[in-house]
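Structural characterization, general
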Amino acid sequence: MEYLKQKIKECGVVKKGNVLKVDSFLNHQVDVRLYEEIGKEFYRLFGNCEVTKILTIEASGIGIACVTAQFFNCIPVVFAKKSKTSNVSDDVYSSEVASFTHGNVNTVIVSKEYLNKGDRVLIIDDFLANGAALNGLIDIIEQAGAELVGAGIVIEKGFQDGGKLLREKGVRVESLAIIESMNDETGEIVFRN
Ligand code: 5GP
């Protein structure tokens, strides 16, 4: 995805603490043409996997997941909600997710109504860092007895461990851009080929 890499190079801002800000085209203002290219690419990668549902986590994953779903014949998108309390009801699957960007732990929930045994689930998210978000979503898929097809990630920070550990566990992780290194002083971003 050359257009994605070009956008990251041109508009991405490297912040302290290994955070890449991509607010001008992905996380706040949205480049819809880019979202479309991303969705098309996820369909090219997972289109033959008989996916029945796309699962993501609020907030940044939702738009990407919805545009992607259009390429999958508009299958439903379910997003895990960040719950204010850890006191969750019997009607939901829940998991604990440590937030990389906010430094807190969220309980994330999905209603049992919307994820079932027999579902073939594709996870979509904007970033992969340490893998906490993906592991939480995988936990929820397992609780539902559904099947994980794989994970489509827009930007993976390859210098953090999440992707490596998930692939070692046998999860199919497809990242459209993998960052090998980034420097908050020079602003330099290097991609893995
Ligand atoms: P992980 O759970 O893999 O450690 O981090 C992934 C989640 O944290 C993503 O859902 C994303 O929202 C957020 N995240 C992690 N790293 C970054 C980053 O460098 N920039 C932005 N904008 N979000 C990030």
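Refer to the structure presented above.
Position labels on residues start from 1 in each chain and follow its written sequence. Given that this is a predicted model, residues contribute local features only at a pLDDT of at least 70 and side-chain atom pairs are listed and counted only at 80 or more, while totals for whole chains, interfaces and linings are drawn from all residues. Calculation of side-chain values draws on the structure's entire complement of heavy atoms; hydrogens and water are dropped beforehand.

1. Notes on unusual backbone geometry
Applied cut-off: To qualify as a helix, a DSSP run of H or I must reach at least 4 residues; to qualify as a strand, a run of E must reach at least 2; elements of each kind are numbered from the N terminus. Buried means the residue's accessible area, taken with a 1.4 Å probe over protein chains only, is under 20% of the maximum for its type, while exposed means over 50%, and partly exposed covers the values in between.
Cis peptide bonds are those with omega within 30 degrees of zero, and the linkage from Glu 58 to Ala 59 qualifies with 5°. Position of Ala 59 relative to the elements: it lies in the loop between strand S3 (53-57) and helix H4 (61-71). Here Asn 18, not a glycine, exhibits a phi torsion of approximately 60°, which is positive. Its place among the elements puts Asn 18 in the loop between strand S1 (13-15) and strand S2 (19-21). What makes Asn 18 partly exposed here is its relative accessible area of 35%. The residue Cys 74 is not glycine, and still its phi comes out positive at about 55°.

2. Looking at the sheet that holds strand S10 (residues 189-191)
Here is the rule we go by: In this scheme, strands are said to pair when DSSP sees at least two bridges between them. In this description, a line fitted to the C-alpha atoms serves as the axis of each element, helices being fitted only across the stretch in contact, and the angle between N-to-C directions of two axes falls anywhere from 0 to 180 degrees.
Taking strand neighbours across the sheet as the criterion, the eight strands line up as S5-S6-S4-S3-S7-S8-S9-S10 in an open arrangement whose pairing is mixed. Looking at which strands have only one partner, the edges of the open sheet turn out to be strand S5 (92-98) and S10. Within this sheet the neighbouring strands show an average axis-to-axis angle of 30°, counted without direction. Pairing of S3 with strand S7 (residues 120-128) involves three bridges; the strand directions are parallel.

3. Observations concerning the site of the ligand
Put simply, the rule is: In this text, near means that some heavy atom of the residue lies within 4 Å of the molecule or strand in question. Residues adjacent in sequence count toward polar contacts only when both atoms are side-chain atoms; beyond that, a polar contact is any pair of N or O atoms within 3.5 Å, and within protein one must be able to donate a hydrogen and the other to accept it. Here, Shrake-Rupley sampling with a 1.4 Å probe gives the accessible areas, and only protein chains in the shown set may cover a residue. Asp, Glu, Lys and Arg are counted as charged, while Ala, Val, Leu, Ile, Met, Phe, Trp, Tyr, Cys and Pro are counted as nonpolar; the rest, among them Gly, fall into the polar class.
Of all residues adjacent to the ligand, which total 16 residues, the nearest are Leu 20, Asp 125, Gly 131, Ala 133 and Lys 157. In this structure, an oxygen atom belonging to the ligand sits 3.4 Å away from a side-chain N or O atom of Asp 126. In the environment of the ligand, an oxygen atom lies 2.8 Å from a nitrogen or oxygen atom belonging to the backbone of Ala 129. Considering the ligand on its own, with 510 Å² of exposed area, one finds that the protein chains cover 89% of that surface. Elements represented by at least two residues in the shell around the ligand include exactly S2, S7 and helix H5 (132-144). Within the shell around the ligand, the residues separate by chemical class into eight nonpolar, five polar and three charged.

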